[in-house]
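The lines below spell out each chain.
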Amino acid sequence: MKFDKFLKTLNKDFEAILLNKYPLESLQLNSDLSTVKGRVFYKTVILLSNNFDQDCENALSEIANTAQKKFLKKQKDKIGAEKTLNKYQKFIGQFVSSQADVSEKASIENTRFTKVLNLTADDFYAYEVFSIARSQGITSKNAFEQLYKGTLTDI
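First, a word on what this report is: a plain description of the structure on this page. Not measured: the values here are computed from a predicted model.

**Section: the environment of Phe 91**
With respect to the helices, strands and loops of the structure, Phe 91 is situated in helix α5 (residues 87-93). Using a relative accessible area of 48% as the deciding quantity, one classes Phe 91 as partly exposed. Residues Phe 91 and Glu 128, spaced 37 residues apart in sequence, show a C-alpha to C-alpha distance of 29 Å.

What follows is the structure, encoded as structure tokens:
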């Protein structure tokens, strides 16, 4: 689904509302939802939504599920080559959460995840923020706000 079509489901006058805050060309309106950056998604949807978490679920869950299936298929091929952990490693493993663990739980390729963290990719995609939130047991709104809340004019 295109981003503008989704925004129209939130408010038919979305363009007029957004135009008061941002230049429309900066909002990826003609982009597929799977390629909309997290910052753009948050800054626009927060202005139009009555229920941010539900609207994230509606917009991003199918994209996140599709990405997860692709990720799991790739991971399935790697599982046979992984080292078996001993009882001490398993014990300590329950207390440790590495970046790789977070990316794996969210079904985001570790290379892409690392690029965003190292600022060599400019932002997470909106569905990736949604996936991280879901995998870590926090609300979508909480995750997006932690990353992007601030002045609403900085897209």
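**Section: the environment of Glu 62**
Looking at the element boundaries, Glu 62 is found in helix α4 (residues 52-79). Given a relative accessible area of 63%, Glu 62 falls into the exposed group. On a C-alpha basis, the gap between Glu 62 and Asn 20 in space is 31 Å, while along the polypeptide they are 42 residues apart.

**Describing the packing of aromatic side chains**
Working definition: an aromatic ring pair is given by the centre-to-centre distance plus the angle between the planes. Summed over all chains, the structure comprises 11 aromatic pairs. Note on Phe 6 and Phe 41: the rings are 6.1 Å apart at their centroids and 15 degrees apart in plane angle, and the pair reads as stacked. Taken as a pair, Phe 6 in helix α1 (residues 3-10) and Phe 41 in helix α3 (residues 38-48) lie far apart in primary sequence, 35 residues in all. For the pair Phe 6 and Phe 41, one class covers both residues: buried. Taken together, the aromatic side chains of Phe 3, Phe 6, Phe 41, Tyr 42, Phe 52, Phe 144 and Tyr 148 make up a single cluster linked through ring pairs.

Criteria and thresholds
Residues numbered from 1 in each chain as written. Predicted model: local features only at pLDDT ≥ 70, side-chain atom pairs only at ≥ 80, totals over all residues. Heavy atoms only, no water. Helix = DSSP H or I, 4+ residues; strand = E, 2+ residues; numbered from the N terminus. Buried < 20%, exposed > 50% of the residue type's maximum accessible area, 1.4 Å probe, protein only. Phe/Tyr/Trp six-rings, centres within 6.5 Å; stacked < 30°, edge-to-face > 60°.

This is a description of form; function is not addressed.
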